[in-house]
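Residue-level listing of the chains:
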Amino acid sequence: MPGCSRRPGLRPESSRQVPPASRFSSSKSSSMASAPTSKYNSRSLENESIKRTSRDGVNRDLSEAVPRLPGEIRITDKEVIYICPFNGPIKGRVYITNYRLYLRSLETDSALILDVPLGVISRIEKMGGATSRGENSYGLDITCKDMRNLRFALKQEGHSRRDMFEILTRHAFPLSHSLPIFAFVNEEKFNVDGWMVYNPVEEYRRQGLPNHHWRITFINKCYELCDTYPPLLVVPFRATDEDLKRVATFRSRNRIPVLSWIHPENKTVIVRCSQPLVGMSGKRNKDDEKYLDVIRETNRQISKLTIYDARPNVNAVANKATGGGYESDDAYHNTELFFLDIHNIHVMRESLKKVKDIVYPNVEESHWLSSLESTHWLEHIKLILTGAIQVADKVSSGRSSVLVHCSDGWDRTAQLTSLAMLMLDSFYRSIEGFEILVQKEWISFGHKFASRIGHGDKNHADADRSPIFLQFIDCVWQMSKQFPTAFEFNERFLMTILDHLYSCRFGTFLYNCESARERQKVTERTVSLWSLINSNKDTFKNPFYTKEINRVLYPVASMRHLELWVNYYIRWNPRIKQQQPNPVEQRYMELLALRDEYIKRLEELQLANSAKLSDPSTSPSSPSQMLPHVQTHF
């Protein structure tokens, strides 16, 4: 910017098929609709056995023992016993690179391959001691962030375990050992630059901004107003930069109310921010109160500004004790305040742990519904979706503009604004539109990816870890199930995003905010995840997608209509029957391929025919000879 220095997975093994995925819904009356999935769903993005170079750019030369990305270096390999939770001990050789742990079975009757990006690893523990005598009781326990655990038994003699433990620890947690995250040494090249996907000026221009009521300001170009906000902000035209500075003093982390989205017709808006610093004494700030009124007055048709506080009421009151709070009626006139009862990051973390307990390694089908209910996971999904629906409905109806916040405005706030925008704006339901939505509402506005995921950090018990972004993607999946033709992308697209949320292969989700990414020159030194996806778009397309302009989606957020995402949460269990590809989708794809083949043949014949026409010696004697004969099956 001018004016300042800019700085996966376990192969399904052959075993008896136990319960089909359709049994894993939130109620007996709801069943999982047939979801289009591929073999990809039962393993990680990389795990496709050893083939030739694949679409995702991985070197899979048959002569190599382990696939490698450009920039990936083999560190060591060792013979181990993999304690498979489904089929028992399997002898294999594990290879460790600076990017992945890769295990190949050495047993003739097993084709098992494990391919796990090291970024997925959350915790590495030693299992057993020097005096352990039980079979396979001495080795390593590895806890992963993607709903699975790994256990390896090693020989007790020598320093076999110590060496593997130290190497894995160093490369799985590079930031804790002064090593670079793999994204900074990844040398992959793609024919599309994913860093070019999101241009904030172009995105606001697409929304019709700036206009007579809203302006673009560069007050934060050096991150001086708010170090967790992007450099470019959209604010009310009548608010000066000096006004913004005064408002910032009364908002947590200086995260002032700024525009996220404007309705193209009724001009109501979605505005996001953090909580006001009211405190126990009930402090007031005239500048903040006036600013919210200025936001309301950008649309003369509305009499009130609706404030959605994502927190439960009791939590918002409790935040007063630490200097936070909420907008009271007596201080903020012409506003109405609603609490959405979405719980904090700690509750969500514990809920996901309970989900993992019931899905890995074994699923107790006899107690499934009560076990799922006890996790409260789908209840949290329901509350997030319900809140987003309220935001979208208020704006779509033109009854009110909406201001959304939680405590700091980077977790629940991002969930609500991005989901509401997805419901309201069909552009965000395209592949590139969704990428822009994630870049804008999550990455540029400072969702703390580094803290919530713990990239390269060994502190697995960090209280800042939480599956906030996973919940958002889960909500998107729930919507895609209810509106199967509304989204250009498929389930694989969402799962690929989640796989690389952890993998550290790309720079997209690294660090907590734009100022930190700029200091580390992330866009210059790393590859974007969108480069991979946009270079292979057909892989991620929903064949049933029907583009519709200005259609608002209102998903049903009742428990009867919500399902556990089996193909994601239980994909590592080979005994769970994966959702089979939709036969209609399969036939549709076959017909598309056939159509492309005929178009190609027609073009070749036309080229050959035009060449003949330009050659006088082969000039046809009659008009009928000029028509190429194309035989088709249609």
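Going by an unreviewed UniProt entry, the protein carries the name Myotubularin and comes from Myotis myotis. In its Sequence similarities (unreviewed entry) section, the UniProt record describing the protein reads: "Belongs to the protein-tyrosine phosphatase family. Non-receptor class myotubularin subfamily."

**Student:** Quick question: what am I supposed to make of the pairing of strand β15 (residues 401-405) here?
**Tutor:** A regular strand places its side chains on the two faces of the sheet in alternate fashion. Counting buried positions along β15 gives 5 out of 5 residues, so the element sits mostly inside the fold. Burial of the side chains of β15 extends over both faces: Ser-401, Leu-403 and His-405 are buried on one face and Val-402 and Val-404 on the other. With 3 bridges connecting them, strand β12 (residues 269-272) and β15 associate as parallel partners. Bridging across to β15, Val-271 finds its partner in Leu-403. For strand β13 (residues 305-309) and β15, the ladder comprises 5 bridges, and the chain directions are parallel. Within β15, the position partnered with Asp-309 by the bridge is His-405.

**Student:** How should I be thinking about helix α4 (residues 286-297) in this particular structure?
**Tutor:** At 3.6 residues per turn, the α-helix brings residues three or four places apart onto the same side. The terminal C-alpha atoms of α4, which comprises 12 residues, lie 16 Å apart, in line with the 16 Å expected from a rise of 1.5 Å per residue. Taken residue by residue, α4 has Asp-288, Glu-289, Tyr-291, Leu-292, Val-294, Ile-295 and Arg-296 as its buried positions. Taken together, the buried residues of α4 touch β9 (214-217), β10 (233-236), α3 (241-248), β12, β13 and β15. The distance from a side-chain oxygen at the start of α4 to the backbone nitrogen of Asp-287 is 2.9 Å, and the residue carrying that oxygen is Asn-285.

**Student:** So what exactly am I meant to see when it comes to the packing of helix α10 (residues 431-444) against helix α12 (residues 468-482) here?
**Tutor:** Two packed helices can be described by the angle between their axes and the distance between those axes. Their axes nearest at 13 Å, the elements α10 and α12 cross at an angle of 145°. In the packing of α10 onto α12, the handedness of the crossing is right-handed. Facing α10, whose interface residues are Phe-434, Leu-437, Val-438 and Trp-442, α12 presents Ile-468, Phe-469, Phe-472, Ile-473 and Val-476.

**Student:** Help me out: how do you make sense of the sheet that holds β15 in this one?
**Tutor:** On the basis of which strands lie adjacent, the open sheet formed by 5 strands has the order β11-β12-β15-β13-β14 and mixed pairing. Looking at which strands have only one partner, the edges of the open sheet turn out to be β11 (258-262) and β14 (335-339). Adjacent strand axes in the sheet meet at a mean angle of 25°, parallel and antiparallel pairs treated alike.

**Student:** In this structure, what is going on with the pattern of salt bridges? I would like to understand it.
**Tutor:** A side chain of one charge can pair with a side chain of the opposite charge if their charged atoms are brought near each other. Within the structure shown, the criterion is met by 39 salt bridges. A salt bridge links Arg-296 to Glu-297, with the shortest nitrogen-to-oxygen separation between them at 3.6 Å. Judged by relative accessible area, which is 22%, Glu-297 ranks as partly exposed.

**Student:** Teacher, can you tell me more about the UniProt feature "binding site: substrate" (unreviewed entry) in the protein here?
**Tutor:** Here the UniProt feature "binding site: substrate" (unreviewed entry) sits at Asn-344, Ile-345, Cys-406, Ser-407, Asp-408, Gly-409, Trp-410, Asp-411 and Arg-412. Over a stretch of 69 residues, the named residues converge on one spot in the fold, their C-alpha atoms separated by at most 12.4 Å. By relative accessible area, which is 3% here, Cys-406 ends up buried. Other than its neighbours up to four places away in sequence, Cys-406 contacts Cys-273, Gln-275, Asp-309, Ala-310, Arg-311, Asp-411, Arg-412 and Thr-413. Counting through the fold element by element, Ser-407 comes out in the loop between β15 and α9 (412-424). According to the relative accessible area criterion, Ser-407 is buried, its value standing at 15%. With residues near it in sequence (within four places) discarded, Ser-407 still touches Ser-252, Ser-274, Gln-275, Arg-311, Asn-319 and Arg-412.

**Student:** Help me understand the nonpolar core in this model?
**Tutor:** A general trend in soluble globular proteins is that nonpolar side chains are found buried together. Membership of the largest hydrophobic core comes to 115 residues, with the highest contact counts inside it found for Phe-152, Leu-168, Phe-434, Phe-469, Phe-472, Ile-497 and Tyr-569. Ranked by residue count, the leading element in this core is helix α8 (residues 377-397), at 10 residues. Summarising the domain contributions, this core has at least three residues from each of domain 1 (74-172) and domain 2 (200-570). Membership of the second largest hydrophobic core comes to 33 residues, among which are Leu-225, Val-234, Val-278 and Leu-305.

**Student:** Please clarify how the environment of Met-164 should be interpreted in this entry.
**Tutor:** By the secondary structure assignment, Met-164 is in helix α1 (residues 160-172). A relative accessible area of 1% means that Met-164 is categorised as buried. Along the backbone, Met-164 and Lys-78 are 86 residues apart, and their C-alpha atoms lie at a distance of 8.0 Å. If we ignore the near neighbours within four places in the chain, the residues touching Met-164 are Lys-78, Val-80, Val-94, Ile-96, Leu-140, Phe-152 and Leu-154.

**Student:** Any chance you could explain α12 here in plain terms?
**Tutor:** Between the first and last C-alpha of α12 there are 22 Å, a value that for 15 residues agrees with the 21 Å anticipated at 1.5 Å per step. The buried count for α12 comes to 14 of 15 residues, which makes it a mostly enclosed element.

**Student:** Explain unusual backbone geometry here, please?
**Tutor:** Most of the time, phi is negative for any residue but glycine, and the peptide bond is trans. Of note, the amide linkage connecting Leu-209 to Pro-210 takes the cis form, showing an omega dihedral of 0°. Of note, Lys-267 is a non-glycine position whose phi angle comes to about 65°, a positive value. For Lys-267, the position within the fold is in the loop between β11 and β12. By relative accessible area, Lys-267 is classed as partly exposed at 36%. Look at His-376: it is not a glycine, yet its phi comes out positive at around 65°. Tracing the backbone through its elements, the reader meets His-376 in the loop between α7 (368-375) and α8.

Calculation criteria
Residue positions are given per chain, counted from 1 along the sequence in the order it is written. Only residues with pLDDT of at least 70 get local features here, since the model is predicted, and only at 80 or more are side-chain atom pairs given and counted; chain-wide, interface and lining totals rely on the full set of residues. The side-chain numbers reported here are obtained from all heavy atoms of the structure, hydrogens and water having been left aside. UniProt positions are given in the numbering used here, feature names are shortened, and annotations may be inferred rather than shown by experiment. For the exposure calls, accessible area comes from a 1.4 Å probe over protein chains only, and a residue counts as buried if that area is under 20% of its type's maximum, exposed if over 50%, partly exposed in between. Helix numbers and strand numbers start at the N terminus; a helix is a DSSP run of H or I with at least 4 residues, a strand a run of E with at least 2. Two strands make a pair as long as DSSP finds a minimum of two bridges between them. In a helix, the anticipated span is given by 1.5 Å times the number of residues less one. Throughout, a contact is declared for two residues whenever any of their heavy atoms are within 4.5 Å. Whenever two N or O atoms come within 3.5 Å, that pair is a polar contact, provided that in protein one can donate a hydrogen and the other can accept it, and provided that, for residues adjacent in sequence, both atoms are side-chain atoms. Between N-to-C directions, angles span 0 to 180 degrees; the directions come from axes that are lines fitted to C-alpha atoms, helices contributing only their stretch in contact. Whether a crossing is left-handed or right-handed is set by the direction in which the near helix is turned from the far one by less than a right angle, anticlockwise for left-handed and clockwise for right-handed. Salt bridges are counted wherever a side-chain nitrogen of Lys or Arg sits within 4 Å of a carboxyl oxygen of Asp or Glu. Buried residues of nine kinds, namely Ala, Val, Leu, Ile, Met, Phe, Trp, Tyr and Cys, make up a nonpolar core once their side-chain atoms join them within 4.5 Å. What marks off one domain from the next here is an automatic or database domain assignment.

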